[in-house]
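Chain by chain, the residues run as shown.
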Amino acid sequence: MAGLIERSISVSIALPHILPILIAEFLKLNPNVHISQYLASSTGMKKQLENVEVDLCISMSPIYGDDIEWMPLLEEEIFLSVPPSHHLAKQKSIALQEAANEAFISRTSGYGFRDVTDKYCREAGFEPYTPIELEEAGAILRLVEMGMGVSFTPQLSLLRQSMQKPFRFQSPIRIANERLG
């Protein structure tokens, strides 16, 4: 990382609220490093890397390209989050088909996480009805809390204080096992 020599690092990430969790130890060891964070989809991250606009990216799915090296940092389980008053909220887990008629609040197309979760819905036998698409994960969680729909939520996102009730569905999804074309 060229930026480290200059004591600065630029990072592009799809879920910015998890950045503190991922870099806390690094910052303890390198307290004088300046970090600049940018929000981007996987497609945007690839362009940023190719144009040398950022030093590194933290993505939910692999990014492929010339001179781009991708490696998994962690495996993360995905949950289906519903509001506390939702008819599924009392269950510990569900078959994903049970959510087939729900309104999903999702990331916009182009985010690897959205591609993965849409694929799992299709594998469960339905195309998700997604009337609300947002780029900011925190806003998605707030809308779920407000009862506006349900959403897939990565485990690290659940570390934040929230009111929605997440639960496992059969065949827990692990993002690191997915390879997107």
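Residues numbered from 1 in each chain as written. Predicted model: local features only at pLDDT ≥ 70, side-chain atom pairs only at ≥ 80, totals over all residues. Heavy atoms only, no water.

**Considering the pattern of salt bridges**
Two side chains that carry opposite charge are able to pair once their charged atoms sit near each other. Going through the model one piece at a time under the given rule, you end up with 7 salt bridges. With a closest N to O distance of 3.9 Å, K28 and E25 form a salt bridge. Taken together, the residues span about one helical turn, with K28 and E25 both in helix 2 (residues 19-29) at a distance of 3 residues. Of the charged contacts in the structure, one is a salt bridge between E50 and K46, with a shortest N-O distance of 4.0 Å. Of the two residues, E50 and K46 are both situated in helix 3 (residues 42-50); the distance of 4 residues between them amounts to about one turn of the helix. We classify K46 as partly exposed; its relative accessible area is 31%. Among the ionic contacts, a cluster of salt bridges with common partners joins R114, D118 and E133. (Salt bridge = Lys/Arg side-chain N within 4 Å of Asp/Glu carboxyl O. Helix = DSSP H or I, 4+ residues; strand = E, 2+ residues; numbered from the N terminus. Buried < 20%, exposed > 50% of the residue type's maximum accessible area, 1.4 Å probe, protein only.)

**As for the side chain of S151**
Structurally, S151 can be placed in strand 8 (residues 151-154). Ignoring sequence-local partners within four residues, the contact set of S151 consists of F79, L80, S81, I105, I140 and V144. (Contact = heavy atoms within 4.5 Å.)

**A few points about the sheet that holds strand 3 (residues 56-58)**
Judged by pairing direction, the sheet is parallel, and its 3 strands sit side by side in the order 2-1-3 without closing on themselves. The strands lining the two open edges of the sheet, one partner per strand, are strand 2 (34-39) and strand 3. Between one strand and the next, the sheet's axes are offset by a mean angle of 30°, whatever the strand orientation. In this sheet, strand 3 lies alongside strand 1 (residues 8-13) in parallel orientation, the contact comprising 3 bridges. By the bridge assignment for strand 3, S12 is matched with C57. Sitting on the sheet, helix 3 is in contact with strand 1, strand 2 and strand 3, with an inclination near 165° to strand 3. (Pairing = 2+ DSSP bridges. Axes fitted to C-alpha atoms, helices over the stretch in contact; angles between N-to-C directions.)

**Notes on the pairing of strand 7 (residues 129-134)**
The pairing of strand 6 (residues 103-107) with strand 7 spans 4 bridges and is classified as parallel. The partner of S106 across the bridge, within strand 7, is E133. Taken together, strand 6, helix 4 (residues 112-123) and strand 7 constitute a β-α-β crossover, and its handedness is right-handed. (Right-handed = clockwise from strand over helix to strand, strands pointing away.)

**Section: empty space enclosed by the protein**
Counted by the stated rule, this structure contains 1 cavity of 30 Å³ or more. Space inside the largest cavity adds up to approximately 130 Å³. Lining the largest cavity we find 15 residues, and of these R107, F113, I140, F152 and P154 sit closest to its centre. Those elements giving two or more residues to the lining of the largest cavity turn out to be strand 6, helix 4, helix 5 (137-145) and strand 8. Residue composition of the lining of the largest cavity, by class: 8 nonpolar, 5 polar and 2 charged. (1 Å grid on protein atoms, 1.4 Å probe; cavity = no way out; pocket = protein on both sides within 12 Å on 5 of 7 lines; lining within 4 Å. Points joined across faces, edges and corners; volume = space filled by probe spheres on them. Nonpolar A, V, L, I, M, F, W, Y, C, P; charged D, E, K, R; others polar.)

**Examining helix 5**
Within the span of helix 5, buried status applies to A137, G138, I140, L141, L143 and V144. Two to three positions downstream of the cap, the backbone nitrogen of G138 sits 3.0 Å from a side-chain oxygen, assigning the N-cap of helix 5 to E136. Immediately beyond the C-terminal end of helix 5, within one or two residues, lies G147, with a positive phi of roughly 85°. (Polar contact = N/O pair within 3.5 Å; in protein donor to acceptor, adjacent residues only side chain to side chain.)

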